[in-house]
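Close look at the chain arrangement
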Amino acid sequence: MNLKRFAALWFLLVAVTVFAVPSTNLKSLCVMIDGVRADALAAANTPNLDKLRDGTWAKGYHCAWSDVCGNVEDARPDSAPNHVALATGVTAAKHQVFTNDQVAEGDYKDYPSYLSRLKKKEGQDFKAVFLYNWKEDGKISSPGVVSKQGTDAQSTERAVKELSNGADAMFIMLDDPDHAGHDKGFYAFSKDYIKAIEAADAQVGRMLDAIKSRPDFNKEDWLVAVTADHGGYHRDHGMWGGCASTIPLLISGKHVSQGLIQGQPHNYDAPATVLSHYGLVSSDVDGKIVGDKVVDVKPVRLDKDLQYYLPFKNFFTNEAGDKKVIVHGENIVTGKKGAKFRNYYEVNTRHQKSYLTLAGSDKLKLPEDNQFTITMWLNMPLMEMDSPVILANKDITKKNEPGFVLYAAHKVDRAKRPGIAAEFLSKDGKPVILGQFDIPVDYWTFFAITVDTNGMMRLYQGAPDGRFYWISTNAKGAKINSGKPWHIFQDASEKCCNQFEGKMEDFAFWNRSLSQKEIKSIFDAGMKNKPLDSLFSN
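Residues numbered from 1 in each chain as written. Predicted model: local features only at pLDDT ≥ 70, side-chain atom pairs only at ≥ 80, totals over all residues. Heavy atoms only, no water.

The subject of this paragraph is the packing of aromatic side chains. A full pass over the atoms with the stated rule returns 30 aromatic pairs. A ring pair is formed by Trp-377 and Phe-523, whose centres lie 6.0 Å apart and whose planes are at 25°; its orientation type is stacked. Linking Trp-377 in strand 14 (residues 372–379) with Phe-523 in helix 11 (residues 516–527), this pair joins segments that are 146 residues apart in sequence. Taken as a pair, Trp-377 and Phe-523 share a single burial class, namely buried. Ring centres of Phe-446 and Phe-523 lie 5.7 Å apart, and the angle between their planes is 35°; on these two criteria the pair is classed as tilted. Of this pair, Phe-446 sits in strand 19 (residues 444–451) while Phe-523 sits in helix 11, and the two are 77 residues apart along the sequence. (Phe/Tyr/Trp six-rings, centres within 6.5 Å; stacked < 30°, edge-to-face > 60°. Helix = DSSP H or I, 4+ residues; strand = E, 2+ residues; numbered from the N terminus. Buried < 20%, exposed > 50% of the residue type's maximum accessible area, 1.4 Å probe, protein only.)

A few words on the pairing of strand 5 (residues 169–174). Within strand 5, six of the six residues are buried, which leaves the element mostly enclosed by the surrounding structure. On strand 5, burial covers both faces: Ala-169, Phe-171 and Met-173 on one face and Met-170, Ile-172 and Leu-174 on the other are all buried.

So, about the pattern of salt bridges. Applying the stated rule across the entire model yields 25 salt bridges. Of the charged contacts in the structure, one is a salt bridge between Asp-286 and Lys-94, with a shortest N-O distance of 2.9 Å. With Asp-286 in the loop between helix 10 (269–277) and strand 9 (306–310) and Lys-94 in helix 5 (residues 92–95), the pair connects residues that are 192 residues apart, well separated along the chain. Overall, Lys-94 belongs to the partly exposed group, its relative accessible area being 24%. Between Lys-139 and Glu-136 there is a salt bridge, with the nearest N and O atoms lying 3.0 Å from each other. Among the residues examined, Lys-139 registers a relative accessible area of 40% and is labelled partly exposed. When salt bridges that share partners are traced, they join Lys-313, Arg-342, Asp-506 and Asp-533 into one network. (Salt bridge = Lys/Arg side-chain N within 4 Å of Asp/Glu carboxyl O.)

Here we come to the pairing of strand 6 (residues 221–227). Each regular strand carries side chains that alternate between the two faces of the sheet. Burial analysis of strand 6 places seven of its seven residues in the buried class, which makes it a mostly covered element. With burial as the criterion, each face of strand 6 is covered, one bearing Asp-221, Leu-223, Ala-225 and Thr-227 and the other bearing Trp-222, Val-224 and Val-226. Relative to strand 6, strand 1 (residues 26–33) is paired through seven bridges, and the arrangement is parallel. The residue of strand 6 that forms the bridge with Met-32 is Thr-227. Bridge count for strand 6 against strand 7 (residues 247–253) is five bridges, and the pairing is antiparallel. Within strand 7, the position partnered with Val-226 by the bridge is Leu-250. (Pairing = 2+ DSSP bridges.)

Grouped together as the largest cluster of nonpolar side chains are 140 residues, with contacts concentrated most on Met-376 and Phe-404. Element by element, the count of residues in this core is highest for helix 9 (residues 191–212), at ten residues. Not counting residues within four places of it along the chain, the set of residues in contact with Phe-404 comprises Phe-372, Leu-391, Ala-392, Asn-393, Lys-394, Ala-422, Glu-423, Phe-424, Ile-449, Met-457, Ile-480 and Trp-486. Within the second largest apolar cluster, 24 residues are counted, among which are Phe-468, Trp-470, Ile-522 and Phe-523. (Core = buried A, V, L, I, M, F, W, Y, C linked by side-chain atoms within 4.5 Å. Contact = heavy atoms within 4.5 Å.)

As a further point, take the sheet that holds strand 6. The strand order across the open sheet built from eight strands is 4-3-5-1-6-7-2-8, with neighbouring strands paired in mixed fashion. Bordering the open sheet on either side are strand 4 (146–149) and strand 8 (259–260), each of which pairs with just one other strand. As paired strands, strand 3 (residues 128–132) and strand 5 are joined by four bridges and run parallel to one another. Within the sheet, the bridge partner assigned to Val-129 lies in strand 5 and is Met-170.

Right, here's the structure in full:
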């Protein structure tokens, strides 16, 4: 054999060898924890996910995260549409799974699982593993992928073994929090639900430890994604309104920025981001690549841009400045007896129309994407009447007109009883409902509404037991300004039929978005019987 022919054969042999093996340093783990609300995750003790989020689980890794991640919007927030979206990176309109009994009917030919895409790209020796609990997930087509069903405990054992033995990419679904939510409720006051979330955190921790124990871990480049399929309300999910579609997302990697993800991410962004980690970007995937852009949150004085502050200590004086408060009808402001802090405002009879107008609020300029924040403490009776108004600049009789309204007793999709809910007009001119929270009867309860710098509307509830909840929806470009002033206990028509019968204290209105940390600080102070102005800088 001459030298040239030998060299050519050697080059061909090396080329075949190189292209038959995967890119050895690129690895990934995607974890879906079924049924986890973002606020419930925050309420649970989750040291492993906390380290992942804080960027401290391994040296050189950072985390981009969201506590208002969404799920698929073209199907109800149920399991199957989101499980298939997490497997394929496309929404229901493409994968064609809209209900829990349609998994086998999904379009996996045109939209294969991301693990199958990786297997096809990386070659025969690339080991991709799919572990799941719910038997329907076994109907997700994943050619070339090692797929195994088992309980969460069994799947965790298999995950640890596979990760320790050199798996290149893994997608694992943990189901127990969803089971606990259906059994005891999808709320942070449900001990079994929180316990299940904490067990899932421990299972994720074992997987992360298995990754770090790999002999070549320091040479490897991992992308770790953790998210959920849906949240829930009481013992169910699948309802529109925010409770089932406000979930967490964590994206950890060496090339990821540290902080809150810019814009609204969705759970199906996780597979798209994993694919891009391997250099595989496809135009037919709906998910976005996230993790590079984060929000820069700079601390400011809490009283900055505060437009109205009504502690009711001087009756209806606006303690934030010169803007006036106009009083309509008969009202009563009591002393300290039964008050949360100092004085409260309430209507003295359910038959007398009584409300407040924030004078000049119709001309109040809001920053880009209608950023604003409102906080208040409410003490409410059990309300079964139809949608009394707490706060509004919208005529509630005209659904397609701009504005915002916060209802005291409004029943949203599939809810059995009314609760606290918000309504606004989207940029497309369609009414959007964000809700709902239960009404804690005869307790002082904290509420806040904000449209943040990402254009996300967040509705918060600080419960009397100290737990802190939030739900969200996309309000980017929403038509919040109605050209009419904001009213307390009345809508913009000034003819609202049902009078709010509760009490209000410590009302505040900013024409900027407060961060979750700022809002939580107001709630925490209130739980120590300290009003908002106790936090103002001197």
